[in-house]
Amino acid sequence: MADRSKGMCRFCGKEYTKSGMVKHISSCKYRQAWLEQKGNEKQSGYFSIAVGGTYCKEYWLLLEVREDATLADVDEFLREIWLECCGHLSAFLIDGVYYDVEPMESWGRLRKTMNCRLRSVLDVGMRFAHEYDFGSTTELTLTVFDYRVGDRHKDKIVIIARNNPIRVLCDECGKRPAAVVCIADGEVLCEHCMEEHECGDMLASLTNSPRSGVCGYEGSEKYPDVLERITEQK
Ligand SMILES: [Zn+2]
Ligand SMILES: [Zn+2]
Ligand SMILES: [Zn+2]
Ligand SMILES: [Zn+2]
């Protein structure tokens, strides 16, 4: 149901669910054309990574990340598109090891730094986790579903696909689309019903993110909810 949310392939414009997109992307001929157009002699390895809310599976991203990017680069990207509200701590959990922004000791075990390159910690088929804010935590699950070597691109991280904005109806009237979420009770409300909601100024805008309605999250300034296509239709 909820995890059946669709998104657009940024190369050909077709819509799929997350698992459908994972299958589609290796055979998308527009993506293939995009990969080949650069003609750069320098080569790089790239990981294809699927990211989704661990509990809010309707929010998902498919990314292509250069293998020399660091976990800190991925953390920064996830904060910018989905997570950042007030500078909370975050960590990756890979193979039982925590990677922190500032490594700290926990239960007598040293955690590691995020300043390590993906190629030294990731492999195809691996599943790992990201946690943002150790109080009201937003948990993400990441899966490495492919690796390829090809022309080196300028960007360390490219968004291949992202779920379309989730459309839900107002909990109060059940008729109009919800625009805000109440942080106190989790109710989603339309612009009409929010005026009469009793919790006052506990309302946050409904955003295309698994952190929607948590803490002071208000959406991303850098990444609009709907992304443009990378390639033009021929
Ligand atoms: Zn496609
Ligand atoms: Zn916060
Ligand atoms: Zn309403
Ligand atoms: Zn409320």
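Now for a quick tour of the structure. (Residues numbered from 1 in each chain as written. Chains lettered and ligands numbered in written order. Predicted model: local features only at pLDDT ≥ 70, side-chain atom pairs only at ≥ 80, totals over all residues. Heavy atoms only, no water.)

A few points about the coordination of the zinc ion (ligand 4)
Within the protein, the zinc ion (ligand 4) binds to Cys182 (SG), Asp185 (OD), His197 (NE2) and Cys199 (SG); these donor distances fall in the range 2.0 to 2.3 Å. Metal-centred angles of 103 to 116 degrees between the 4 donor atoms at the zinc ion (ligand 4) mark the site as tetrahedral. Take histidine 197: its relative accessible area is 8%, and that puts it in the buried class. (Donors = N, O, S within 2.8 Å, 3.2 Å for Na, K, Ca; no water. Tetrahedral: all angles 85-135°; square planar, octahedral: opposite > 155°, others 65-115°. Buried < 20%, exposed > 50% of the residue type's maximum accessible area, 1.4 Å probe, protein only.)

Re the sheet that holds strand S3 (residues 43-53)
Read from one edge to the other, the open sheet built from 10 strands follows the order S2-S1-S12-S4-S3-S11-S10-S5-S6-S9, with strand pairing classed as mixed. With one partner strand each, in any of the chains shown, strand S2 (15-17) and strand S9 (112-113) form the two edges of the open sheet. Pairing between S3 and strand S4 (residues 60-66): 7 bridges, direction antiparallel. Considered in S4, the bridge of phenylalanine 47 is made with valine 65. Across the face of the sheet, helix H1 (residues 18-25) comes into contact with strand S1 (6-9), S2, S3, S4, strand S11 (138-151) and strand S12 (157-163) while running at roughly 120 degrees to S2. (Pairing = 2+ DSSP bridges. Helix = DSSP H or I, 4+ residues; strand = E, 2+ residues; numbered from the N terminus. Contact = heavy atoms within 4.5 Å. Axes fitted to C-alpha atoms, helices over the stretch in contact; angles between N-to-C directions.)

Remarks on helix H3 (residues 71-83)
Between its first and last C-alpha atoms H3 spans 16 Å; for 13 residues at 1.5 Å apiece the expected length is 18 Å, and the helix comes up short by more than 12%. Burial analysis of H3 places 10 of its 13 residues in the buried class, the great majority of the element. Of all the positions in H3, only Leu71, Asp73, Val74, Asp75, Phe77, Leu78, Arg79, Ile81, Trp82 and Leu83 are classed as buried. (Expected span 1.5 Å × (residues − 1).)

Side note on the coordination of the zinc ion (ligand 3)
Those donors, Cys170 (SG), Cys173 (SG), Cys190 (SG) and Cys193 (SG), are the protein atoms that reach the zinc ion (ligand 3), and they lie 2.3 to 2.4 Å from it. Viewed at the metal, the 4 donor atoms of the zinc ion (ligand 3) are separated by angles of 100 to 116 degrees, and the geometry they form is tetrahedral.

Section: the sheet that holds strand S14 (residues 188-189)
The strand order across the open sheet formed by 3 strands is S14-S13-S15, and the pairing between neighbours is antiparallel. In this open sheet, the two strands that pair with only one neighbour each are S14 and strand S15 (203-205). Bridge count for strand S13 (residues 180-182) against S15 is 3 bridges, and the pairing is antiparallel. Paired with valine 181 across the bridge in S15 is alanine 204.

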